[in-house]
Amino acid sequence: MIEHMYAAPENPARVVIMGATSFVGRHTEAALTARGVEVLGLGSADVDLLATDAAQKLSAHLQPDDALVIISAIAPCKNANELALNTRMMASVCDALAESPVAHVVYISSDAVYDDEANPIDEGTPTTPASLHGLMHVAREGMIRNSINCPLAILRPSLLYGADDPHNGYGPNRFRRLADDGQPIVLFGKGEERRDHVYIEDVGELIALSLLHRSQGVMNVATGQVASFHDIAEKVLALHHPDGAIETTPRQGPMPHGGFRSFVISECQKAFPTFRYADLDTGLARVQQQTTETS
Amino acid sequence: MTTSLPRIGFAGMTHLGLNSAAASAEKGFETLCFDPDAALIGRLRVGVLPVEEPDLGALLTKHAGRIEFTSDAAAMQRCDVVYVAPDVPTDDHGESDFTAIEALLQLAVAHAATSATLVVLSQVPPGFTRRHMAPSRQLFYQVETLIFGRAVERALFPERIIIGCADPKAALPDAYHNYLNAFDCPLLPMRLESAELAKISINCCLVASISTANTLAAICEGIGADWSEIAPALKLDKRIGEHAYLKPGLGIAGGNLERDLHTVIELGRAAAADVSVVEAWGRNSRRRRDWVLGKLHAHVFPKKDKARICVLGLAYKENTHSTKNSPGLALVHHLAPFQPVVYDPVVPPDAIDGMDVRVAASAMLGVKNADALAIMTPWDEFTLLDPQALRNEMAGNVIVDPYAVLDGADCISAGFQYHTLGKSMSRPDEARNQ
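Residues numbered from 1 in each chain as written. Chains lettered and ligands numbered in written order. Predicted model: local features only at pLDDT ≥ 70, side-chain atom pairs only at ≥ 80, totals over all residues.

### Examining the overall build of chain B
Then, number 1: From N to C terminus, chain B includes 18 helices and 14 strands.
Then, number 2: For chain B, the C-alpha radius of gyration of 24 Å lies close to 22 Å, the compact-globule estimate for 434 residues.
Then, number 3: Per-residue burial over chain B gives 47% buried out of 434 residues.
Then, number 4: Counting contacts in chain B only where the partners sit at least 6 residues apart, residues at least 24 apart contribute 69% of the total. (Helix = DSSP H or I, 4+ residues; strand = E, 2+ residues; numbered from the N terminus. Rg over C-alpha atoms; globule rule 2.2 N^0.38 Å. Buried ≥ 20, exposed ≤ 12 C-beta atoms within 10 Å, placed from the backbone. Contact = placed C-beta atoms within 7 Å.)

In C-alpha cells, the structure reads:
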C-alpha cells in the first residue's frame with residue numbers, strides 16, 4: 001500500500017510544513033532538522049487557509065522541488081460547519097498546488113477514516129467513517145489525491161501522546177496532567193476499552209522517513225499493540241504519582257469503538273524495516289522524563 | 001510401431017504437460033511430448049527437467065522408449081488424442097496470460113489429424129474452451145487436479161476425471177474413452193462451462209478450508225489452544241473428512257489458487273453474485289503471509305537492531321522449485337536491510353537475484369551465528385535438524401517455525417523461544433494475557 005520512489009533515503013531539497021506549530025508539525029520539523037533537512041514551517045499566522053487569498057499566499061512559498069506536508073486542520077471536526085471549514089482549507093491547498101506544483105506531498109490524515117471493525121484494521125480496510133472527523137479526512141484525502149500529479153503519501157495516525165501535546169483528550173496526556181496535579185484519574189466505566197496509542201516522536205520519525213524515501217500510498221501510523229485505559233492510568237500513576245488514585249465511573253453509554261480497536265502494522269514493517277515504535281512503557285517513560293526536565 | 005492403444009500427445013512441456021505425459025507413459029501409452037521450444041526439448045531428451053517433482057525423472061527414464069520428445073508440431077499428426085497442456089502463467093493479481101495456450105491450441109488444430117480428439121488440460125476460465133472450438137474438430141476440456149510436489153501421484157491416480165463436453169450426452173470418442181479408462185476412476189462428463197467452473201470450485205473449497213484453519217489457528221495462538229489437537233478431531237467428522245485441508249499456513253501461494261480467486265470474483269461480478277467471502281479469503285491470505293515478519297518484529301528486532309536472520313526455504317511449499325507468491329521469498333525481500341542468510345535445497349540462486357542476501361551452502365552453515373531462524377518451507381531435510389545443534393551454532397534463541405517442522409518441545413528444551421502456527425508455546429494462562 002506504500003512504496004518508495006527512493007529505495008535509499010535521500011534528503012529532500014526542502015520540506016514545507018503547513019501546520020508547523022501543531023503537535024505533529026513540531027515533531028515533524030524536529031525529525032527533519034535532526035537530519036539536516038531544510039524546513040519551512042508555516043502556521044496559520046503565515047498562511048490562513050480560510051482566507052480568500054490563502055492559495056496565492058501558500059503558492060508563493062512553494063518551489064518545484066519542495067516536499068509539502070499538510071497537517072493543518074480544525075480538529076477534532078465536531079460539526080457540519082467545521083467539516084465545511086476543513087474542506088475549504090484543503091481546497092486552498094489544492095489551489096496552491098495547482099498554481100505551484102511540488103515534488104512530493106505528505107498528507108497527515110487520521111485512523112478515524114475507518115469505522116469500527118471486528119477485525120484488526122489495516123490499510124485495506126474500507127474507509128467508511130462513522131464520525132464527522134473521519135468523514136472530513138476521507139474528503140480531504142480525496143481532494144488532494146485528485147488534485148496533484150506528484151507522489152502522495154497519506155499517513156493515518158491512531159491516538160497520539162507526548163509531553164507537549166496541547167490537547168487534553170481522554171488518555172495518556174490527560175491522565176498525566178491529572179496525576180501531576182495530584183488529582184485522581186477518572187475513567188469511563190472501568191477503563192476497559194483497549195486502543196492503540198502512538199508516541200509523538202514516532203509520528204515525526206515516520207513522516208520524515210516518508211519524505212526521505214519520497215513514499216507514495218497509504219500507511220497507518222499505529223504500534224500494533226493495544227492497551228486498556230485502565231492499564232495506561234496505572235502506568236501513568238506509577239511514573240508520575242505512585243500514590244495517586246484511579247476512579248471508575250458508571251458508563252453512560254456503549255464503549256467507544258466497541259471497546260477494541262487494533263491495527264495490523266505489517267505495511268509499516270515492510271516499508272520501514274528498521275523503524276521501531278516505542279512501546280507504551282518506553283513512550284510514557286520518555287514523557288515523564290521530558291515533563292520532569294521542563295518543570 | 002503399431003499398437004491397439006491410442007497414441008497420446010501433450011503440447012506444452014511445463015509442469016502440467018510433463019507430469020501428465022509421464023503418467024500417460026506409465027499407463028502404457030505411446031506418448032508424444034511436443035513443445036515449440038527446441039532448446040527445452042533438447043534438455044528434456046537428455047533428462048534435464050525444468051521442474052522439481054518427486055518421481056518425475058525416474059518415470060520419464062523408465063519409459064524413455066515409450067516417450068518421444070519433439071519440437072516438430074507435425075508430429076502431432078500421429079496422435080489419436082492431443083492434450084493442450086501448458087502451464088498458464090499469472091501476474092501478481094492472479095490474472096492469467098493465455099498467449100501460450102492459444103498459440104499451442106492453434107498448432108494442435110493445424111497439425112493433429114482431423115480424426116484426433118483435442119483436449120484442453122490447462123486451467124482456463126469458463127467459456128474459454130467453447131470460444132476456441134474449431135470447425136469440424138472435437139474439442140474437450142478436462143479438469144487437472146495436480147498438486148505441486150505430488151503431481152505424479154495425482155496424475156496417475158485421480159479420484160475422478162471431469163470432462164467438459166460440447167454435448168455431455170454424446171459418447172466420448174473411442175480413443176479418448178479408452179485412454180481415460182486406464183485411470184480406473186469415475187468419469188464425469190458435463191457441459192464445458194460446468195467442467196471449467198468445477199476446477200475453480202474445487203480450489204475455492206480448498207481455500208475456504210485453509211482460510212478457516214488459518215483463522216482458528218490464529219485464535220489458538222491467542223488463547224492457549226492447540227490447532228494440531230483440534231484438526232484431527234475435525235477430520236473424523238464425516239462432513240469434513242480425513243483429507244480436508246486443515247493445515248494452517250502462510251497464505252495461499254503457487255499461483256493457481258490465487259488465479260481462481262481472481263477468476264471467481266470476476267465471474268461473480270458479471271453474474272451479480274455476492275463474492276465478499278471470496279474477497280475475505282484473499283485478505284486472510286495476505287495477512288497470514290506476514291505472520292513470520294510480525295513475529296520477528298515482535299520478538300527479535302526490539303532486542304537487536306541489526307539482528308542476523310537465517311531463512312530456510314524459499315520454495316512456496318516442499319518438493320517443488322516454484323517460488324510463485326512464496327512467503328519465504330517475500331520474507332527475504334522484507335528483511336533486505338538485515339542481509340538475511342538463506343538456504344533452499346532446490347530453488348536456484350537466480351530466484352533471489354538482486355536481493356541483498358547471503359546464500360548458505362547448507363542449513364547448518366546458514367544458521368551459524370544467526371540471532372533468529374525462520375523455517376519457511378517444510379522440506380524433509382529440515383525435519384532432521386537437531387535443536388541442540390542449532391542452539392550451539394546460533395547466537396540468538398528465536399525459532400519461527402510456522403509449519404512445525406521441528407519439535408517445539410525439543411526446541412524449548414534446547415533453550416529456544418519457539419513460535420509456530422496454531423499454538424502458543426506459552427502456558428494457556430500466559431497466552432491469554434499476551
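### Overview of the overall build of chain A
Then, number 1: Regarding its fold elements, chain A presents nine helices and 13 strands.
Then, number 2: Computed over the C-alpha atoms, the radius of gyration of chain A is 19 Å, within 12% of the 19 Å expected from 2.2 N^0.38 for a compact globule of 295 residues.

### Brief notes about the domain arrangement of chain B
Residue and element names in this part refer to chain B.
Then, number 1: When cut into domains, chain B gives domain 1 (8-190) and domain 2 (290-434).
Then, number 2: For domain 1 versus domain 2, the separation of C-alpha centres amounts to 38 Å.
Then, number 3: Contacts between the two partners involve five residues from domain 1 and, on the opposite side, seven residues from domain 2.
Then, number 4: Along the lines of polarity and charge, the residues of the side of domain 1 that touches domain 2 split into three nonpolar, one polar and one charged. (Domains from an automatic or database assignment. Nonpolar A, V, L, I, M, F, W, Y, C, P; charged D, E, K, R; others polar.)

### Some thoughts on the pairing of strand E8 (residues 187-191) of chain B
Residue and element names in this part refer to chain B.
Then, number 1: Two elements, strand E7 (residues 161-165) and E8, share five bridges in a ladder whose sense is parallel. When the bridges of E8 are listed, Cys-165 appears paired with Arg-191.
Then, number 2: Traced from E7 through helix H7 (residues 174-181) to E8, the parallel crossover comes out right-handed. (Pairing = 2+ DSSP bridges. Right-handed = clockwise from strand over helix to strand, strands pointing away.)

### Quick look at the sheet that holds strand E12 (residues 372-375) of chain B
Residue and element names in this part refer to chain B.
Then, number 1: An order of E11-E10-E9-E12-E13-E14 is seen for the six strands of this open sheet, with the pairing classed as parallel. Each of the sheet's edge strands pairs with one partner strand only, and the pair in question is strand E11 (358-359) and strand E14 (417-419).
Then, number 2: When E12 meets strand E13 (residues 398-400), the two strands line up parallel, connected through three bridges. Looking at the pairing, Ala-374 lines up with Val-400 of E13.
Then, number 3: Contacts from helix H12 (residues 291-299) reach strand E9 (309-312), E12, E13 and E14 within the one sheet, and its direction differs from that of E13 by about 165 degrees. (Axes fitted to C-alpha atoms, helices over the stretch in contact; angles between N-to-C directions.)

### Observations concerning the environment of Ala-374 of chain B
Residues and elements named next belong to chain B.
Then, number 1: Structurally, Ala-374 is set in strand E12.
Then, number 2: For the pair Ala-374 and His-419, spaced 45 residues apart in sequence, the C-alpha to C-alpha distance is 9.5 Å.
Then, number 3: Sequence-distant contacts of Ala-374, defined by excluding residues within four places in its chain, comprise Val-292, Ile-309, Val-311, Leu-331 and Val-400.

### A short note on the sheet that holds E7 of chain B
Strand pairing within a sheet occurs via backbone hydrogen bonds; the two strands may be parallel or antiparallel.
Residue and element names in this part refer to chain B.
Then, number 1: Spatially, the eight strands line up as an open sheet ordered E3-E2-E1-E4-E5-E6-E7-E8, and their pairing is mixed. On the outer flanks of this sheet lie strand E3 (67-70) and E8, each paired with one strand and no other. Along the sheet, successive strands turn relative to each other by an average axial angle of 25 degrees, direction set aside.
Then, number 2: Relative to strand E2 (residues 31-34), strand E1 (residues 8-11) is paired through four bridges, and the arrangement is parallel. Each residue of the ladder has a partner; that of Ala-11, found in E2, is Phe-34.
Then, number 3: Running over the sheet, helix H4 (residues 99-111) touches E1, strand E4 (81-84) and strand E5 (117-120) and is turned about 165 degrees from E4.
Then, number 4: This element, helix H8 (residues 192-223), spans strand E6 (138-142), E7 and E8 of the sheet and lies at about 145 degrees to E7.

### Some points on the confidence of the model for chain B
All names here are of chain B.
Then, number 1: When pLDDT is averaged across chain B, the result is 92; 97% of the residues are at 70 or more.
Then, number 2: In the model, residues 427-434 has pLDDT below 50 throughout and makes 10 contacts with residues more than four positions away in sequence or in other chains.
Then, number 3: With pTM at 0.84, the complex prediction returns an ipTM value of 0.85. (pLDDT = per-residue confidence, 0-100.)

### Observations concerning helix H4 (residues 132-145) of chain A
Residue and element names in this part refer to chain A.
Then, number 1: Its 14 residues place the ends of H4 20 Å apart at the C-alpha level, agreeing with the 20 Å of an ideal helix rising 1.5 Å per residue.
Then, number 2: Every buried residue of H4 is listed here: His-133, Gly-134, Met-136, His-137, Arg-140, Glu-141 and Ile-144. All buried residues of H4 project into a common sector of 155 degrees when viewed along the axis, lining one side.
Then, number 3: Taken together, the buried residues of H4 touch strand E4 (66-70), helix H3 (80-99), strand E5 (104-108) and strand E6 (152-157). (Expected span 1.5 Å × (residues − 1). Arc of directions from axis to C-beta.)

### Things to note about the environment of Arg-140 of chain A
Residue and element names in this part refer to chain A.
Then, number 1: If you trace the backbone, Arg-140 turns up in helix H4.
Then, number 2: Note: C-alpha distance between Arg-140 and Ala-91 (49 residues apart in sequence) is 8.5 Å.
Then, number 3: Arg-140 has contacts with Asn-86, Thr-87 and Met-90, leaving out every residue within four places of it along the chain.

### Details of the packing of helix H5 (residues 172-180) of chain A against helix H7 (residues 229-240) of chain A
Packed helices, taken two at a time, are described by the angle their axes make and the gap between the axes.
Residue and element names in this part refer to chain A.
Then, number 1: Where H5 contacts H7, the two axes come as close as 9 Å, and the packing angle between them is 40 degrees. Classified by the angle between their axes, H5 and H7 sit oblique to one another. Taken as a pair, H5 and H7 cross one another with a handedness that is right-handed. For the pair H5 and H7, contact is made by Pro-172, Phe-175, Arg-176, Ala-179 and Asp-180 and by Ile-232, Ala-233, Val-236, Leu-237 and His-240, respectively.
Then, number 2: In terms of residue class, the contact of H5 with H7 is made up of seven nonpolar, one polar and two charged. (Parallel < 35°, antiparallel > 145°, perpendicular 65-115°, else oblique. Left-handed = near helix turned anticlockwise from the far one by under 90°.)

### Digging into the packing of H8 of chain B against helix H10 (residues 256-270) of chain B
Residue and element names in this part refer to chain B.
Then, number 1: It is the contact of H8 with H10, at a shortest axis distance of 9 Å, that shows an interaxial angle of 110 degrees. Accordingly, the angle class assigned to the pair H8 and H10 is roughly perpendicular. Here H8 contributes Ile-200, Asn-203, Cys-204, Leu-206 and Val-207 to the contact with H10, which in turn contributes Asn-256, Leu-257, Asp-260, Leu-261, Thr-263 and Val-264.
Then, number 2: Grouping the constituent residues of the contact of H8 with H10 by class yields seven nonpolar, three polar and one charged.

### A short note on unusual backbone geometry
Then, number 1: Of note, the bond from Ala-75 of chain A into Pro-76 of chain A is cis; its omega dihedral lies within 30 degrees of zero at -5 degrees.
Then, number 2: Its place among the elements puts Pro-76 of chain A in the loop between E4 and H3.
Then, number 3: With a phi close to 55 degrees, Asn-325 of chain B is a non-glycine residue in the positive phi region.
Then, number 4: Counting through the fold element by element, Asn-325 of chain B comes out in the loop between E9 and helix H13 (327-334).
Then, number 5: The exposure class assigned to Asn-325 of chain B is buried, which follows from the 21 C-beta atoms found within 10 Å.
Then, number 6: At Gln-339 of chain B, a residue that is not glycine, the phi angle is positive and equals roughly 45 degrees.
Then, number 7: Along the chain, the position of Gln-339 of chain B falls in the loop between H13 and strand E10 (341-343).

### Topic: the pairing of strand E8 (residues 185-188) of chain A
Residues and elements named next belong to chain A.
Then, number 1: The alternating pattern of E8 places Ile-185 and Leu-187 on a buried face, while none of Val-186 and Phe-188, on the opposite face, is buried.
Then, number 2: Of the strand pairs in this sheet, E8 and strand E13 (residues 246-249) are connected by four bridges, and their pairing is parallel. Bridge pairing links Val-186 to Glu-247 in E13.

### Overview of the nonpolar core
All names here are of chain A.
Then, number 1: Core analysis: the biggest nonpolar cluster contains 78 residues, and Met-18, Val-69, Ile-70, Val-93, Val-106, Leu-155 and Ile-207 have the highest contact counts within it.
Then, number 2: With eight residues, the top contributor of residues to this core is helix H6 (residues 200-212).
Then, number 3: For Val-93, the residues in contact, after removing those within four places along its chain, are Met-18, Leu-49, Leu-58, Ile-70 and Ile-144. (Core = buried A, V, L, I, M, F, W, Y, C linked by C-beta atoms within 7 Å.)

### What to know about the environment of Lys-324 of chain B
All names here are of chain B.
Then, number 1: For Lys-324, the location among the structural elements is in the loop between E9 and H13.
Then, number 2: Along the backbone, Lys-324 and Cys-204 are 120 residues apart, and their C-alpha atoms lie at a distance of 19 Å.
Then, number 3: When neighbours within four sequence positions are excluded, Lys-324 is seen to be in contact with Ala-253, Gly-254, Gly-255 and Tyr-316.

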